[in-house]
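Overview (structure and organization)
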Amino acid sequence: SQQGEEDPQALSIQEGENATMNCSYKTSINNLQWYRQNSGRGLVHLILIRSNEREKHSGRLRVTLDTSKKSSSLLITASRAADTASYFCATDAGWAGGGADGLTFGKGTHLIIQP
Amino acid sequence: EPEVTQTPSHQVTQMGQEVILRCVPISNHLYFYWYRQILGQKVEFLVSFYNNEISEKSEIFDDQFSVERPDGSNFTLKIRSTKLEDSAMYFCASSQGSTNEKLFFGSGTQLSVL
C-alpha cells in the first residue's frame, strides 16, 4: 500500500498568501509529521501530530489530522519567499499499523512562493 | 544549533566496491537512522539503531548493508558490494527521546555507483 501521499505535487502562490498541502495515508498510525526539504539539503522537522490529536499550531504552521479519513493537512499562513521548498508528510505506523518500518514518507509537495 | 554531520558529501565508486558513509549524530540523541532517496523518488527508511543494536530495518537493508557505532560519536553505514541501484542520496538522522519522532537529518551523502 502507498502510505503518505501528498497533494498537490506542486503549488505556486504569491508571497503573503496561504499555502495548504494535504496528505493521505493507508494504515493506522502513532503520529504524523511534516518535514521541509530545501533543494540539495536534508529534511527539517516542522511539526508532529499524534493520532489522538486533531489540530496543532506552531508559529505560521497549522496541522490538522483526521484519522477517520486517514488524512492530514499543513497550512502555512502569510507565506514568504523563504518558504519555497518541498514539504513531506511522514507517518509512524509503529506496531499499530502492522509493522515497524521507520517513518514512511510521501513524494512531497513542491511549494514555490513568488515574491 | 547542534546538527547531524555527514561525510563525504559526494562519493563515487565502482560497482562491487565497498563504501562506508559516515555520520556524527547530535551528541545527546539516543536513536540513529539511515534513510535514502533515489533521485525523483520518496525518502525510504533503511535502518534504525538504539542502544548499540539495530531496532528496525526495512527490506532494502539486506545482507549487503551494515551499520556500526564504533565510538561514542560516529555512526556508519557500510555497503559491502555496491550495485548500480544503490546510487542515491543517503541521509543519516538522529532523535532524542523517542524512536521515529522529530528526526534531525544531515545534509546527506550523494552516492554514485558506476
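One can find the structure itself at the top, above this paragraph.
Here's what I pulled together on the structure shown here. Please read these numbers as outputs of a predicted model, since none were measured by experiment.

**What about the overall build of chain A?**
Counting secondary structure elements, chain A contains 0 helices and 11 strands. Helices and strands in chain A line up, N terminus first, as β-β-β-β-β-β-β-β-β-β-β. Against the 2.2 N^0.38 benchmark of 13 Å for 115 residues, chain A shows a C-alpha radius of gyration of 14 Å, consistent with a compact globule. Sorting the 115 residues of chain A into buried and exposed places 45% on the buried side. Restricting to contacts in chain A with at least 6 residues of sequence separation, those with at least 24 account for 57%. Surface summary for chain A: the accessible area is close to 5,500 Å², and the carbon and sulfur share equals 44%. Charged side chains in chain A number 12 positive and 11 negative. The centres of these two groups are separated by 3 Å.

**Details of the interface of chain B and chain A**
Frequently, the measure chosen for interface size is the accessible area removed from exposure when the parts meet. Listed by partner, the interface residues are 16 residues for chain B and 24 residues for chain A. Both faces considered, chain B and chain A share a buried interface measuring about 1,600 Å² in area, 53% of it formed by carbon and sulfur atoms. At the junction of chain B with chain A, the criterion picks out 1 salt bridge. A salt bridge links B:Glu101 to A:Arg50, with the nearest nitrogen and oxygen atoms 2.7 Å apart. Viewed at the interface, chain A and chain B are joined by 8 residue pairs in polar contact (both at pLDDT 80 or more). Broken down by secondary-structure element, the contributors of at least two residues to the side of chain B that touches chain A are strand 4 (31-37), strand 5 (43-50) and strand 6 (53-57) of chain B.

**A few points about the side chain of B:Ser66**
Inspection of the secondary structure puts B:Ser66 in strand 7 (residues 65-68). Residue contacts for B:Ser66: discarding those within four places in its chain leaves B:Phe61, B:Thr76, B:Leu77, B:Lys78 and B:Arg80.

**Concerning the pattern of salt bridges**
Residue and element names in this part refer to chain B. Using the criterion set out here, one finds 6 salt bridges over all chains in the structure. Among the ionic pairs, Glu44 bridges to Arg36, the shortest N-O distance being 3.2 Å. For Arg36, a relative accessible area of 9% translates into the label buried. Its salt-bridge partner being Arg36, residue Asp86 comes within 4.0 Å of it at the nearest N-O pair. On the criterion of sequence distance, the pair formed by Asp86 in the loop between strand 8 (75-79) and strand 9 (88-95) and Arg36 in strand 4 is long-range, its members being 50 residues apart. Residues joined by salt bridges that share partners form a network here, namely Arg36, Glu44 and Asp86.

**Focus: the sheet that holds strand 3 (residues 19-24) of chain A**
Residue and element names in this part refer to chain A. The antiparallel open sheet is built from 5 strands, whose spatial order is 1-3-8-7-6. Unpaired on one side and paired on the other, strand 1 (5-7) and strand 6 (55-58) mark the two borders of the sheet. Put simply, the sheet's adjacent strands are angled 20° from each other on average, direction ignored. Direction of pairing for strand 1 relative to strand 3: antiparallel, over a ladder of 3 bridges. Bridged to Asp7 within strand 3 is Asn22.

**Regarding the pairing of strand 6 of chain A**
Residues and elements named next belong to chain A. Alignment of strand 6 against strand 7 (residues 61-66), held across 4 bridges, turns out to be antiparallel. Bridging from a neighbouring strand, Glu55 pairs with Thr64 of strand 7. In this antiparallel pair of consecutive strands, strand 6 and strand 7, the connection spans 2 residues, and Gly59 shows a positive phi of 60°.

**Topic: the sheet that holds strand 8 of chain B**
Residue and element names in this part refer to chain B. Read across the open sheet, the 4 strands follow the order 1-3-8-7; overall the sheet is antiparallel. Among the strands making up the open sheet, the edge pair consists of strand 1 (5-7) and strand 7. Each adjacent strand pair in this sheet contributes to an overall mean axis angle of 20°, direction not counted. Pairing of strand 3 (residues 19-24) with strand 8, which is carried by 5 bridges, proceeds in the antiparallel orientation. Paired with Ile20 across the two strands is Lys78, which belongs to strand 8.

The rules we used
- Residues numbered from 1 in each chain as written.
- Chains lettered and ligands numbered in written order.
- Predicted model: local features only at pLDDT ≥ 70, side-chain atom pairs only at ≥ 80, totals over all residues.
- Heavy atoms only, no water.
- Helix = DSSP H or I, 4+ residues; strand = E, 2+ residues; numbered from the N terminus.
- Rg over C-alpha atoms; globule rule 2.2 N^0.38 Å.
- Buried < 20%, exposed > 50% of the residue type's maximum accessible area, 1.4 Å probe, protein only.
- Contact = heavy atoms within 4.5 Å.
- Areas by Shrake-Rupley, 256 points an atom, 1.4 Å probe, with all protein chains shown as cover.
- Lys, Arg positive; Asp, Glu negative; His and termini not counted.
- Charge placed at Lys NZ, Arg CZ, Asp CG, Glu CD.
- Buried area = accessible area lost by both parts, 1.4 Å probe.
- Salt bridge = Lys/Arg side-chain N within 4 Å of Asp/Glu carboxyl O.
- Polar contact = N/O pair within 3.5 Å; in protein donor to acceptor, adjacent residues only side chain to side chain.
- Pairing = 2+ DSSP bridges.
- Axes fitted to C-alpha atoms, helices over the stretch in contact; angles between N-to-C directions.

These results come straight from atomic positions and should not be treated as a statement about function.
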